[in-house]
Amino acid sequence: MPRDLLWINGETMPAEGALLPLEDRATVFGEGIYEVAIFYDGQPFMLREHLERWEQSAAGIELVSPGTLEEREARICALVEQSGHLDALVYGQLSRGHARRNHLFPDPLAVAPTEFWIVRKAPVHKPECYRTGVRLVSQPDERWAHCHYKTISLLPNCLAKERAHRAGGYEALLYREDGTVTECSSSNAYCVRGGVVWTHPATNRILEGVTRQAIMAAAASLGIPVREQAVTLEEFKQADEAFISSTTMEVMPVTAVDEAHIGAAKPGPVTLRLREAVRARVMRECGIPQAETA
Ligand SMILES: Cc1ncc(COP(=O)(O)O)c(C=O)c1O
């Protein structure tokens, strides 16, 4: 029987009911970084890329990530195996540790960082969403200037997603004051215009998704041109096709934004080719036989 497991600072225990010290800097300051990675059939998909981004995010907020990437990778794989979950979602978080509340960083020689990893069953997105495409609801991008670090301070993301959800949207499509689209609250955003995929460049204004990397590689091998340039919300709404991506969704077609239909209001051909290519890579790298997938 699979069980949800937690590894925290060297100890493994059931994930249910585990506690963090009250004055961990993650709880009092929302200070820390995180990663979300996925396993299929017991095999990781692009785990290395997730762990590389973990190190970049840690360095970006002056947080020393203990140990090496290889040690972390081995530990996560062992934890997933121990959990018994074959299709598993792993969530990892790192903070500067717990110390009496003070904005100044604690002395790293006196206070150890808090690192934990939780393994759970991977979520399954509704197959009809992939068939019909989803609706996005636009929301102002009110985040800070370092969105390229995967930090746990996600209040603007949560507000945007909640408001989009209340308005009947699947995700929040974020736009900046100048009207340009950045990404979604927990996924990257793309539109297709005249056969070209447009997406915001990987600057400090977006999180460069690991799935985005897979999409870029798939587009290159399929000969689909990609333009890393921001478009306005109006341009996005007038696109021929649109889609969003994340680790758990892979490529999700978008068929409406606010009240506007995108293209023919059904998943477009470029979107479907990219979805299929990313799916095929997942199956190849995780050793899943073709027949097992939805
Ligand atoms: C703001 C944001 N953008 C993009 C992504 C997609 O990243 P990935 O493909 O690595 O899951 C996420 C995932 O959590 C995210 O939070």
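Residues numbered from 1 in each chain as written. Predicted model: local features only at pLDDT ≥ 70, side-chain atom pairs only at ≥ 80, totals over all residues. Heavy atoms only, no water.

As for the site of the ligand
So, step 1. Close to the ligand lie 18 residues; Lys 150, Glu 183, Val 210, Thr 211 and Thr 247 are nearest.
So, step 2. Between an oxygen atom of the ligand and a side-chain N or O atom of Lys 150, the distance comes to 2.8 Å.
So, step 3. Here a nitrogen atom of the ligand and a side-chain polar atom of Glu 183 are 2.6 Å apart.
So, step 4. The cavity where the ligand resides is the largest pocket.
So, step 5. Those elements that provide at least two residues to the shell around the ligand are α2 (47-60), β9 (181-184), α6 (210-222) and β13 (241-246).
So, step 6. Across the shell around the ligand, the residue classes tally to 4 nonpolar, 10 polar and 4 charged. (Near = heavy atom within 4 Å. Polar contact = N/O pair within 3.5 Å; in protein donor to acceptor, adjacent residues only side chain to side chain. 1 Å grid on protein atoms, 1.4 Å probe; cavity = no way out; pocket = protein on both sides within 12 Å on 5 of 7 lines; lining within 4 Å. Sits in = over half its atoms within 2 Å of the grid points. Helix = DSSP H or I, 4+ residues; strand = E, 2+ residues; numbered from the N terminus. Nonpolar A, V, L, I, M, F, W, Y, C, P; charged D, E, K, R; others polar.)

Some remarks on the domain arrangement of the protein
So, step 1. Domains assigned within the protein are domain 1 (5-121) and domain 2 (127-286).
So, step 2. The C-alpha centroid of domain 2 is placed 26 Å from the C-alpha centroid of domain 1.
So, step 3. Both faces combined, the contact of domain 1 with domain 2 buries some 2,000 Å², and carbon together with sulfur accounts for 67% of it.
So, step 4. When the area that domain 1 buries against domain 2 is broken down by residue, the three leading residues are Tyr 34, Phe 45 and Arg 53, summing to 32%.
So, step 5. Summed over the shared surface of domain 1 and domain 2, the number is 0 salt bridges. (Domains from an automatic or database assignment. Buried area = accessible area lost by both parts, 1.4 Å probe. Salt bridge = Lys/Arg side-chain N within 4 Å of Asp/Glu carboxyl O.)

Considerations on helix α5 (residues 155-166)
A turn of α-helix holds 3.6 residues, and therefore any two residues three or four places apart point the same way.
So, step 1. The end-to-end C-alpha separation of α5 is 16 Å, in line with the 16 Å expected for 12 residues at 1.5 Å each.
So, step 2. Along α5, the residues classified as buried are Asn 157, Ala 160 and Ala 164. In an axial view of α5, the angular spread of the buried residues amounts to 70 degrees, which keeps them on one side of the axis. Seen from the buried face of α5, the exposed residues on the opposite side, beyond 90 degrees, are Leu 155, His 165 and Arg 166.
So, step 3. Looking at the packing, one finds that the buried side of α5 touches β7 (134-140) and β8 (171-175).
So, step 4. After α5 finishes, the residue Gly 168 shows a positive phi value of roughly 85 degrees. (Expected span 1.5 Å × (residues − 1). Buried < 20%, exposed > 50% of the residue type's maximum accessible area, 1.4 Å probe, protein only. Arc of directions from axis to C-beta. Contact = heavy atoms within 4.5 Å.)

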